[in-house]
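If you want the building blocks of each chain, they are given just below.
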Amino acid sequence: MLDQPSHGARNQQPAPGVPTIRNVNWGGLKTLYVKEVRRFFKVQLQTIWAPAIQTLLFLMVFTVAMGGRTAVHLGGATVTFADFIAPGLIVMGMLQNAFANASFSLLVGKIQGTIVDYLMPPLSTAELLAALVGGAVTRAICVGLAVWLAMALWPGVHVTPVQPLAILWFGIMGSVFLALLGVLTSTWAEKFDHAAAVTNFVVGPLALLSGTFYSVDRLSPAFQAISHANPFFYIISGFRYGFVGATDGYMSIWASGAIIGAIDIVMAIGVYALLKSGWKLKN
């Protein structure tokens, strides 16, 4: 005769609708993160190496046009134009690819009708957001490493890290900022044209007008104020500081780092609230 389960064992069974994963679902978080990474690695020629080559071509064109030995005065230091522009190009490639990766995931799910694959698994809103942002940041780091390696081998360019912590902070925090903006875009967009509009009219102009190709100190006071209102300026200036040990602008590297950290926190809270509400995802 089979033993009957005790009354205590029966009481341990969760009631219908009661979650059994009470803390972080590390298994589900890892699975979604790996899925996001494998998605862009399957087409790495397009997602990693093509952006790296494109960024290297920017370096070639501008150094030939402006002269690789042209001096740029940066916060009391003088560096060659090639050394000035190289860190900005590296982090600009990272930012653009972090946005591209994050703005694709939920959008393609909505268009293809597979958004349920993101909403149905036992993942909390924070876990879903963390996996999407983590995948985008991983792609940004891969692109940044590929561009850095190519520039390190390029003659006349010096990209030896001087302040590694600054490189890590501004590279990762900047990528997180663009990844969050990408998730926000993919939540709002209903077709690829909407995401392309954000890329062309928001991300592209902010990246190009952030001091990547010029020193902000050479602008008029009015345009300096406009540049200081651009979050990309602090990311690129701080990232460049990690390679040349100097920044343009009146703000210290610590203040720039704090600004980027605060922006990321505000963005994360806003995107989390939007995902939790199910706006344009569950309706």
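As the structure is a computational prediction, the values presented were derived from the model and not from experiment. (Residues numbered from 1 in each chain as written. Predicted model: local features only at pLDDT ≥ 70, side-chain atom pairs only at ≥ 80, totals over all residues. Heavy atoms only, no water.)

Once that is clear, we can look at unusual backbone geometry. Positive phi values are uncommon outside glycine, yet Lys 280 reaches one of about 60 degrees. Inspection of the secondary structure puts Lys 280 in the segment after helix 11 (253–277). Assessed through its relative accessible area of 27%, Lys 280 is described here as partly exposed. (Helix = DSSP H or I, 4+ residues; strand = E, 2+ residues; numbered from the N terminus. Buried < 20%, exposed > 50% of the residue type's maximum accessible area, 1.4 Å probe, protein only.)

Here we come to helix 10 (residues 231–244). Along its 14 residues, helix 10 runs 20 Å from first to last C-alpha, staying within 8% of the 20 Å computed at 1.5 Å per residue. Counting buried residues along helix 10, 13 of its 14 residues qualify, which places the element largely inside the surrounding structure. The N-capping residue of helix 10, defined by a side-chain oxygen 3.0 Å from the backbone nitrogen of Phe 232, is Asn 230. (Expected span 1.5 Å × (residues − 1). Polar contact = N/O pair within 3.5 Å; in protein donor to acceptor, adjacent residues only side chain to side chain.)

Looking now at the packing of aromatic side chains. Applying the stated criterion across every chain yields a total of seven aromatic pairs. Between the aromatic rings of Phe 177 and Phe 232, the centroid separation amounts to 6.3 Å while the plane-to-plane angle is 75 degrees, which identifies the pairing as edge-to-face. Of the two residues, Phe 177 is situated in helix 7 (residues 164–188) and Phe 232 in helix 10; the sequence distance between them amounts to 55 residues. For Phe 177, a relative accessible area of 9% corresponds to the buried category. Between the aromatic rings of Phe 233 and Tyr 234, the centroid separation amounts to 5.2 Å while the plane-to-plane angle is 70 degrees, which identifies the pairing as edge-to-face. The burial state of Phe 233 is the same as that of Tyr 234; both residues are buried. Residue placement shows Arg 240 over the ring face of Phe 84; its charged tip is 3.9 Å from the ring centre. (Phe/Tyr/Trp six-rings, centres within 6.5 Å; stacked < 30°, edge-to-face > 60°. Lys NZ or Arg CZ within 6 Å of the ring centre and 35° of its normal.)

With that out of the way, let us pick up the pattern of salt bridges. Enumeration according to the criterion identifies three salt bridges in this entry. Between Lys 35 and Glu 36 there is a salt bridge, and its shortest N-O distance comes to 3.7 Å. Linking Lys 280 and Glu 190 is a salt bridge whose minimum nitrogen-to-oxygen distance equals 3.4 Å. On the criterion of sequence distance, the pair formed by Lys 280 in the segment after helix 11 and Glu 190 in the loop between helix 7 and helix 8 (192–208) is long-range, its members being 90 residues apart. Linked through salt bridges whose partners overlap, the residues forming this network are Lys 35, Glu 36 and Arg 39. (Salt bridge = Lys/Arg side-chain N within 4 Å of Asp/Glu carboxyl O.)

The next subject is the layout of surface pockets. The space that makes up the largest pocket amounts to roughly 750 Å³. Counting residues per element, the ones that place at least two in the lining of the largest pocket are helix 2 (26–41), helix 3 (44–66), helix 4 (81–112) and helix 8. In terms of residue count, helix 4 provides more of the lining of the largest pocket than any other element does, 10 residues in total. A breakdown of the residues in the lining of the largest pocket according to their chemical character gives 14 nonpolar, 12 polar and two charged. Roughly 290 Å³ of volume is contained in the second largest pocket. Elements represented by at least two residues in the lining of the second largest pocket include exactly helix 4, helix 6 (125–152), helix 7 and helix 10. Counting residues per element, the lining of the second largest pocket draws most heavily on helix 7, which supplies five residues. For the lining of the second largest pocket, the per-class residue count stands at 12 nonpolar, two polar and no charged. (1 Å grid on protein atoms, 1.4 Å probe; cavity = no way out; pocket = protein on both sides within 12 Å on 5 of 7 lines; lining within 4 Å. Points joined across faces, edges and corners; volume = space filled by probe spheres on them. Nonpolar A, V, L, I, M, F, W, Y, C, P; charged D, E, K, R; others polar.)

Attention now moves to the packing of helix 4 against helix 8. Where helix 4 meets helix 8, the axes come as close as 11 Å, and the angle between the chain directions of the two elements is 165 degrees. Classified by the angle between their axes, helix 4 and helix 8 sit roughly antiparallel to one another. Crossing hand, helix 4 versus helix 8: right-handed. On the side of helix 4, the interface is formed by Met 92, Gln 96, Phe 99, Phe 104, Leu 107, Val 108 and Ile 111, while helix 8 contributes Phe 192, Ala 195, Val 198, Thr 199, Val 203, Ala 207 and Leu 208. (Axes fitted to C-alpha atoms, helices over the stretch in contact; angles between N-to-C directions. Parallel < 35°, antiparallel > 145°, perpendicular 65-115°, else oblique. Left-handed = near helix turned anticlockwise from the far one by under 90°. Contact = heavy atoms within 4.5 Å.)

What follows is about the nonpolar core. Ranked by internal contacts, the top residues of the largest apolar core, which has 74 residues, are Leu 59, Leu 106, Val 133, Met 151, Leu 178, Val 183 and Phe 239. In terms of residue count, helix 4 provides more of this core than any other element does, 15 residues in total. In this structure Leu 59 touches Ala 82, Ile 85, Ala 86, Leu 89, Met 151, Trp 154 and Val 157, once residues within four positions along its chain are discounted. (Core = buried A, V, L, I, M, F, W, Y, C linked by side-chain atoms within 4.5 Å.)

It is worth spelling out the confidence of the model for the protein chain at this point. On average, residues of the protein chain carry a pLDDT of 86, and 89% of them reach 70 or more. Mean pLDDT values for the elements of the protein chain range from 49 in helix 1 (residues 7–11) up to 96 in helix 7. (pLDDT = per-residue confidence, 0-100.)

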